[in-house]
Protein chains: 2
Amino acid sequence: MSKLLVFGHLNPDTDTICSSIVAADLINKLDLGYEAEPVRLGKVNKETEYVLNYLNMEAQREISSVGEDDLLWLVDHNEAGQSVEGREKATVVGVIDHHRIKDFETITPLYYIAKPYGCTATILFELYNQNKVEISKEMATLMLSAIISDTLLLKSPTCTQKDIDAFKALEEIAGIDAATYGLDMLKAGTDISTLSAQEVINLDAKLFEEKGKKIVVAQVNTADIDDVFSRKDEISFAIEKEISDKGLDLYMFVITDIINTNSKVMVLGNDKEVVEKAFDKKLDEDDSMLLEGVVSRKKQIAPPILANL
Amino acid sequence: MSKLLVFGHLNPDTDTICSSIVAADLINKLDLGYEAEPVRLGKVNKETEYVLNYLNMEAQREISSVGEDDLLWLVDHNEAGQSVEGREKATVVGVIDHHRIKDFETITPLYYIAKPYGCTATILFELYNQNKVEISKEMATLMLSAIISDTLLLKSPTCTQKDIDAFKALEEIAGIDAATYGLDMLKAGTDISTLSAQEVINLDAKLFEEKGKKIVVAQVNTADIDDVFSRKDEISFAIEKEISDKGLDLYMFVITDIINTNSKVMVLGNDKEVVEKAFDKKLDEDDSMLLEGVVSRKKQIAPPILANL
């Protein structure tokens, strides 16, 4: 059987780590002719660590690049800038994702299952059911954790009825009180006290390339925006370095209050006015603004930014 | 409910016409919030006419372009060069396809269901079952016809076990002797006697854009290669006109014997030697060659051509 590498995006979050483990489990249980191994493209964050510790599970092997003999299965992303180095040389056999499609092409036909849901794991949950494959307690916990993370405990505007349905069914299979577990898990992810400013901005940073512009939208969850914003100076310094190192046109650092579901954004780079146009609001003197009710990069931040370039 | 246009590729074939009608039926029966209408991007060919006549069914409405308010659902294609004019202004809500992915991007997340099967209709058959939607006799006949067409009655190398499974199940639901019906249907498609050379080469022509090159691979089915090849001079003339009108680098006209599953190809354009490299075989003096066992553009022709550019 051919070896298949299953992985999510760079700067892995809980959906990416959990969904790659779960997708590999499902692929191995289906008769697709592959031996799937979950891998990852970076360090596991503290929120995901909480999940793996809860399950007494080791994180999967980390890889940094792939070659022409490698067979790949992507989860939770498709854009080249968010994926593994060398992907263009390898063969993508399948994709399971919930994002827009961009900078993705293949030479041969493939499996590509995308749905506009709040979480990749919700699509995986459907695939288990459609293929009548039993879901273990462990896999249910991983999928439930991914949904909690991506939908902020079902409070994000990206959350769909399908995510809610999957959440309820998985809560039962996992035998977990999801409200309590979920809040503890989300809070574990907000602890950035031991991280450098550079680590903080790279916890969950995504690169978008559109109309010749390079934009990064990075996000960090918190229970207290002021607590993160107190590190504003060192964070700005780290962002300026990223902008200069990577030739970025715009960098948005989104500090998201998971309790009150608001975000404060710090904006740097030459194309700052794009953000003002996108949200029809002036930046404060310190280049920040509060976006009330905004918590989703995918649904509330990236589309207006990309549309206003 | 929002209106949704469901359609397949330019120069529609039987899979494109049937799968767009079937996909619209399925979308309307699911709770997706759309009112789906199947449309088409060109004239119905004689093979597909046979299917629609058998069902006493009118072909769907033809459209030539779309605008920014239109919501689209693509079947049986995704590449911009094979799709509707104005697509970049409209919103693609979903795709059901069995081809490689190329020149396709969106601003927002979408449904994208692709599988490496021989026919789009086989994916649709699975979707009916996964969503527990009953398949009418009419829809079964359309899906069965699409599978017969795309797999040449299960003889094409693109045919997978999933296509065979769907074929058998649909044959039963449709209440048709698929072997007899299928051969009559395929033969109806080979009647090109009333068509001009320009119509013949455009019956099933696909444009590929890769590495700055523009290549068309057109295909026609026949029960007698010599019969089609006797029109070689007027066909060459029509092809030369296409090359000059559209600035093509290469044009392959593939005459496929559906009984013996061979193809004779006529090759024109500046990049003729790409075909010789791709198949490791010299063209005859009349710029043609016989490719034994080759019947599939998608699996046997496009990949080696694109790899040798």
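Below or above, wherever it landed, is the structure these notes cover. Computed from a predicted model, the values in this text were never measured in an experiment.

## Some thoughts on the sheet that holds strand 10 (residues 262-268) of chain B
All names here are of chain B. As summarised here, the arrangement of the 5 strands in space is 7-8-9-10-11, forming an open sheet in which the pairing is mixed. With one partner strand each, in any of the chains shown, strand 7 (205-210) and strand 11 (288-291) form the two edges of the open sheet. Across the sheet, the mean angle separating the axes of adjacent strands is 20° when strand polarity is ignored. Note: strand 8 (residues 213-222) against strand 9 (residues 250-257), 8 bridges, orientation parallel. Across the sheet, the residue bridging to V217 is M252, located in strand 9. Where helix 9 (residues 232-246) meets the sheet, it contacts strand 8, strand 9 and strand 10, and its direction lies at approximately 50° from that of strand 10.

## Quick look at the interface of chain A and chain B
Across the contact, 22 residues belong to chain A and 22 residues belong to chain B. For the pair chain A and chain B, the two sides together bury roughly 2,300 Å², of which 64% comes from carbon and sulfur. Looking only at chain A, the three residues that lose the most surface to chain B are I101(A), I107(A) and P109(A), adding up to 25% of its buried area. Seen at the junction of chain A and chain B, the total is 0 salt bridges. Run the count over chain A and chain B and you get 6 residue pairs in polar contact (both at pLDDT 80 or more). With 4 residues, the single largest contributor to the side of chain A that touches chain B is strand 6 (residues 111-114) of chain A.

## Some words on the layout of surface pockets
If you add up the space inside the largest pocket, you get close to 1,200 Å³. Along its surface, the largest pocket is lined by 49 residues, and L127(A), Q130(A), K115(B), L127(B) and Q130(B) are the ones closest to its centre. For the lining of the largest pocket, the secondary-structure elements that each account for two or more residues are helix 1 (14-29), strand 6, helix 3 (120-130) and helix 5 (161-174) of chain A together with helix 1 (14-29), strand 6 (111-114), helix 3 (120-130) and helix 5 (161-174) of chain B. Counting residues per element, the lining of the largest pocket draws most heavily on helix 3 of chain B, at 7 residues. Here the residues of the lining of the largest pocket sort into 28 nonpolar, 9 polar and 12 charged. The wall of the second largest pocket is formed by 20 residues, among which R87(A), E88(A), A90(A), E105(A) and T106(A) lie closest to the centre. Split by residue class, the lining of the second largest pocket holds 6 nonpolar, 5 polar and 9 charged.

## A few points about a negative patch on the surface
A cluster of acidic residues, D103(A), E105(A), E209(A), D103(B), E105(B) and E209(B), forms a negative patch at the surface. With respect to the helices and strands, D103(B) occurs in the loop between strand 5 (91-97) and strand 6.

## Examining the sheet that holds strand 5 of chain B
Strands sit in the order 3(A)-2(A)-1(A)-4(A)-5(A)-6(A)-6(B)-5(B)-4(B)-1(B)-2(B)-3(B) across an open sheet of 12 strands; the sheet is mixed. At either end of the open sheet lies a strand with only one pairing partner, and these are strand 3 (61-62) of chain A together with strand 3 (61-62) of chain B. The pairing of strand 5 of chain B with strand 6 of chain B spans 4 bridges and is classified as parallel. Bridging across to strand 6 of chain B, G94(B) finds its partner in Y111(B).

## Describing the side chain of T256(B)
All names here are of chain B. Note on placement: T256 falls in strand 9. For T256, a relative accessible area of 0% puts it in the buried group. In this structure, T256 is in contact with L152, Q219, V220, N221, T222, N262, S263 and V295, ignoring residues within four places of it in sequence.

## Topic: the packing of helix 2 (residues 46-54) of chain A against helix 6 (residues 178-189) of chain A
Residue and element names in this part refer to chain A. The contact between helix 2 and helix 6 brings their axes to 6 Å, and the two run at 135°. Between helix 2 and helix 6, the angle falls in the class oblique. Of the residues in helix 6, those in contact with K46, E47, Y50, V51 and Y54 of helix 2 are Y181, D184, M185, L186, A188 and G189. The class makeup of the residues in the contact of helix 2 with helix 6 is 7 nonpolar, 1 polar and 3 charged.

## Digging into the packing of aromatic side chains
Counted by the stated rule, this structure contains 9 aromatic pairs over all chains. Note on Y50(A) and Y181(A): the rings are 5.7 Å apart at their centroids and 50° apart in plane angle, and the pair reads as tilted. Within this pair, whereas Y50(A) is found in helix 2, its partner Y181(A) is found in helix 6, the two being separated by 131 residues in sequence. Judged by centre distance (5.5 Å) and plane angle (70°), the rings of F104(B) and Y112(B) are edge-to-face. Judged by relative accessible area, F104(B) falls into the buried class, the value being 3%. Each residue in the set F104(A), Y112(A), F104(B) and Y112(B) is aromatic and connected to the rest through ring pairs, giving one cluster. Directly above the aromatic system of F229(A) lies the positively charged group of K264(A), at a separation of 3.9 Å from the ring centroid.

## Regarding unusual backbone geometry
All names here are of chain A. Phi angles above zero are rare outside glycine, and K211 is one such case at about 50°. Among the structural elements, K211 can be located in the loop between strand 7 (205-210) and strand 8 (213-222). For D287, which is not glycine, the phi torsion reads 60° and is therefore positive. Turning to its location among the elements, D287 is positioned in the loop between helix 10 (272-279) and strand 11 (288-291).

## With respect to the pairing of strand 6 of chain B
Both faces of strand 6 of chain B are covered, namely the face carrying Y111(B) and I113(B) and the face carrying Y112(B) and A114(B). Sheet topology places strand 6 of chain A next to strand 6 of chain B; 3 bridges connect them, and they run antiparallel. Paired with A114(A) across the two strands is Y112(B), which belongs to strand 6 of chain B.

## Observations regarding the side chain of E79(A)
Residue and element names in this part refer to chain A. One can find E79 in the loop between strand 4 (71-75) and strand 5 (91-97). In terms of polar contacts, E79 uses its side chain to reach the side chain of R100, at 2.8 Å. Once residues within four sequence positions are removed from consideration, E79 is found in contact with R87, R100, K102, D103, L207 and F208.

## Describing the packing of helix 3 of chain B against helix 5 of chain B
All names here are of chain B. Two elements in contact, helix 3 and helix 5, have axes separated by 9 Å at closest approach and are oriented at 65°. If you check the angle between helix 3 and helix 5, you find them roughly perpendicular. The handedness of the crossing between helix 3 and helix 5 is left-handed. Residues T122, F125 and E126 of helix 3 touch helix 5, and the partners they reach there are K162, D163, A166, A169 and L170. By residue class, the composition of the contact of helix 3 with helix 5 is 4 nonpolar, 1 polar and 3 charged.

## With respect to the pairing of strand 4 of chain A
The side chains of a regular strand alternate between both faces of the sheet. All names here are of chain A. Across the 5 residues that make up strand 4, a large majority, 4, are buried. Summarising the sheet, strand 1 (residues 2-7) and strand 4 pair through 3 bridges and their orientation is parallel. For L5, the partnering residue across the bridge sits in strand 4 and is L72.

## Digging into the relation of the copies chain A and chain B
Least-squares fitting of chain A to chain B yields an RMSD of 0.0 Å, with the transformation described by 0.0 Å of translation along the axis and a rotation of 180°. Expressed as a symmetry operation, the mapping of one chain copy onto the other fits a two-fold axis. In this assembly, 100% of the residues forming the interface of chain A have copies in chain B that are likewise at the interface, indicating an isologous arrangement.

Cut-off values and rules
- Residues numbered from 1 in each chain as written.
- Chains lettered and ligands numbered in written order.
- Predicted model: local features only at pLDDT ≥ 70, side-chain atom pairs only at ≥ 80, totals over all residues.
- Heavy atoms only, no water.
- Pairing = 2+ DSSP bridges.
- Helix = DSSP H or I, 4+ residues; strand = E, 2+ residues; numbered from the N terminus.
- Axes fitted to C-alpha atoms, helices over the stretch in contact; angles between N-to-C directions.
- Contact = heavy atoms within 4.5 Å.
- Buried area = accessible area lost by both parts, 1.4 Å probe.
- Salt bridge = Lys/Arg side-chain N within 4 Å of Asp/Glu carboxyl O.
- Polar contact = N/O pair within 3.5 Å; in protein donor to acceptor, adjacent residues only side chain to side chain.
- 1 Å grid on protein atoms, 1.4 Å probe; cavity = no way out; pocket = protein on both sides within 12 Å on 5 of 7 lines; lining within 4 Å.
- Points joined across faces, edges and corners; volume = space filled by probe spheres on them.
- Nonpolar A, V, L, I, M, F, W, Y, C, P; charged D, E, K, R; others polar.
- Patch = residues over 30% accessible without salt bridge, like charges linked within 9 Å, V, L, I, M, F, W, Y side chains within 5 Å.
- Areas by Shrake-Rupley, 256 points an atom, 1.4 Å probe, with all protein chains shown as cover.
- Lys, Arg positive; Asp, Glu negative; His and termini not counted.
- Charge placed at Lys NZ, Arg CZ, Asp CG, Glu CD.
- Buried < 20%, exposed > 50% of the residue type's maximum accessible area, 1.4 Å probe, protein only.
- Parallel < 35°, antiparallel > 145°, perpendicular 65-115°, else oblique.
- Phe/Tyr/Trp six-rings, centres within 6.5 Å; stacked < 30°, edge-to-face > 60°.
- Lys NZ or Arg CZ within 6 Å of the ring centre and 35° of its normal.
- Left-handed = near helix turned anticlockwise from the far one by under 90°.
- Least-squares fit on C-alpha atoms with pLDDT ≥ 70 in both.

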